[in-house]
Amino acid sequence: MEKKDINWGELGFSYQQTEKRFVANFKDGAWDEGALTEDATITLNECAGVFQYAQTCFEGLKAYTTESGDIVCFRPDLNAARMADSCRRLEMPVFPEEKFVEAVVETVKANAAYVAPYGSGATLYIRPYMFGSNPVIGVKPADEYQFRIFVTPVGPYFKGGAKPITIRVSDFDRAAPHGTGHIKAGLNYAMSLHAIVDAHNQGYDENMYLDPATRTKVEETGGANFIFITKDGKLVTPKSDSILPSITRRSLMYIAEHYLGMEVEHREVLFDEVKDFAECGLCGTAAVISPVGKIVDHGKEICFPSGMDDMGPVIKKLYDTLTGIQMGHIEAPEGWIQTICKHGEC
Ligand code: PLP
Ligand code: COI
């Protein structure tokens, strides 16, 4: 299979249409088999549930080419399970978890020419999503849904890749207590758009959201969880019912403990503690691990000792181990790597 002629090293995190996408429909209480299509356009009634009441959720994962040339993806079963949680919370029908993984595999195989070569710095981002598709005017769930998966080749989420970023403490909230912060609902991202545009206009790369009830505890950013490293080398990561349970963060907790012999604390993190940490990073599928060099809280700066030039040494070790597992040169824990094509033969 010949790869597409793409300048892999220059890719940012943006959408590029590929040939095939997966589509399944839910009607009369059941999912159809689903199939690949070349049609990237969706035509819906003006009153579809997704347009009126934002009944939609999504997932994000990546496919990689390993050192030995296999095409793999990372823990797709956890994306399937998280999407099922999102659907239940939004009164949407669950797309069966095993079928979700099969559909991811089928879609990546069909677009294998877009999976970046090993060592290119790029990956194939996979975006499963679902939405209410039939007309709904009273406030209630739709009866019909569409589940789709498209893929797009991507580079780093933040310009500059592994260069530390500067973030600010946001005055806007992301998720209410007992709300939808713990699921991947489109509405969480809609309400973060004003905050991110404002942050960019003020010269910041991202927002740090605090807990809306007390504004004393660290939650997450618009698209990633936080990890902190203490001065004595422990990994500390915020625990809250209103943050998205990041698959990357859960994997890093395991890697820190079982591969790097670190102590790991998953607990409430007071914003007041942040100034005492040695390193800070954002973790997620898109972000991988993006180091944070500086946090600005209404004019007060917290500058991490790791500085603005490079990743701190502990975050670098976590990054190298995580990406080493994803790219196949470090042995993965059982079940983490789903092989899609052996030696590029799909
Ligand atoms: N938090 C938010 C709000 C996100 O959108 C994401 C991205 O999926 C994450 C965290 C990271 O989650 P994961 O590591 O599963 O990609
Ligand atoms: C992901 O990391 O997959 C996300 O969905 C985050 C988003 C900011 C792109």
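The model shown is predicted, which means the values in this text are computed figures rather than measured ones. (Residues numbered from 1 in each chain as written. Chains lettered and ligands numbered in written order. Predicted model: local features only at pLDDT ≥ 70, side-chain atom pairs only at ≥ 80, totals over all residues. Heavy atoms only, no water.)

> Just to check I follow, could you spell out helix α2 (residues 76–89) for this structure?
Since the α-helix advances by 3.6 residues per turn, residues separated by three or four positions end up pointing in the same direction. For α2, which comprises 14 residues, the first-to-last C-alpha distance of 20 Å matches the rise-based estimate of 20 Å (1.5 Å per residue) to within 8%. For α2, the complete set of buried residues consists of Pro76, Leu78, Asn79, Ala80, Arg82, Met83, Ala84, Ser86 and Cys87. (Helix = DSSP H or I, 4+ residues; strand = E, 2+ residues; numbered from the N terminus. Expected span 1.5 Å × (residues − 1). Buried < 20%, exposed > 50% of the residue type's maximum accessible area, 1.4 Å probe, protein only.)

> Explain the site of ligand 1 to me, please; I cannot follow it from the model alone.
The environment of ligand 1 is made up of 17 residues, and the closest members are Tyr189, Glu220, Ser246, Thr248 and Thr285. A distance of 2.8 Å separates an oxygen atom of ligand 1 from a polar atom in the side chain of Lys184. Between an oxygen atom of ligand 1 and a side-chain N or O atom of Tyr189, the distance comes to 2.5 Å. Looking at the shell around ligand 1, its residues break down into five nonpolar, eight polar and four charged. (Near = heavy atom within 4 Å. Polar contact = N/O pair within 3.5 Å; in protein donor to acceptor, adjacent residues only side chain to side chain. Nonpolar A, V, L, I, M, F, W, Y, C, P; charged D, E, K, R; others polar.)

> Just checking my understanding: could you explain the site of ligand 2 for this structure?
Neighbouring residues of ligand 2: Phe13, Phe58, Gly60, Tyr125, Arg127, Tyr157, Lys184, Gly223, Thr285 and Ala286. Within the side chain of Tyr125, a nitrogen or oxygen atom sits 2.5 Å from an oxygen atom of ligand 2. Lys184 is positioned with one of its side-chain polar atoms (N or O) 2.7 Å from an oxygen atom of ligand 2. Considered on its own, ligand 2 offers 280 Å² of accessible surface; in the complex 90% of this is hidden by protein. Among the residues forming the shell around ligand 2, the class breakdown is five nonpolar, three polar and two charged. Taken domain by domain, the shell around ligand 2 gets at least three of its residues from each of domain 1 (8–156 + 334–341) and domain 2 (165–311). (Areas by Shrake-Rupley, 256 points an atom, 1.4 Å probe, with all protein chains shown as cover. Domains from an automatic or database assignment.)

> Teacher, can you tell me more about the UniProt feature "modified residue: N6-(pyridoxal phosphate)lysine" (unreviewed entry) in the chain here?
With numbering matched to this structure, UniProt assigns "modified residue: N6-(pyridoxal phosphate)lysine" (unreviewed entry) to Lys184. Setting aside chain neighbours within four positions, we find Lys184 in contact with Cys57, Phe58, Glu59, Gly60, Arg82, Ser86, Tyr189 and Leu244. (UniProt positions renumbered as here; feature names shortened; annotations may be inferred. Contact = heavy atoms within 4.5 Å.)

> Would you mind showing me how to read a nonpolar patch on the surface here?
Residues Tyr53, Ile137 and Val139 make up a contiguous nonpolar surface patch of about 350 Å² in total accessible area. In this fold, Tyr53 is placed in helix α1 (residues 49–53). (Patch = residues over 30% accessible without salt bridge, like charges linked within 9 Å, V, L, I, M, F, W, Y side chains within 5 Å. Salt bridge = Lys/Arg side-chain N within 4 Å of Asp/Glu carboxyl O.)

> I'm lost on the pairing of strand β5 (residues 61–65) in this one. Help?
Within a regular beta strand, the side chains point alternately toward one face of the sheet and then the other, so they alternate between its two faces. Burial runs high along β5: five of the five residues are buried. Because side chains alternate across β5, one face comprises the buried residues Leu61, Ala63 and Thr65, and the other comprises Lys62 and Tyr64, equally buried. In the sheet, β5 pairs with strand β7 (residues 123–132) via three bridges, with the strands oriented antiparallel. Paired with Ala63 across the bridge in β7 is Leu124. The antiparallel pairing of β5 with strand β6 (residues 71–74) creates a hairpin that spans five residues between the two strands, and Gly69 there sits at a positive phi of about 90°. (Pairing = 2+ DSSP bridges.)

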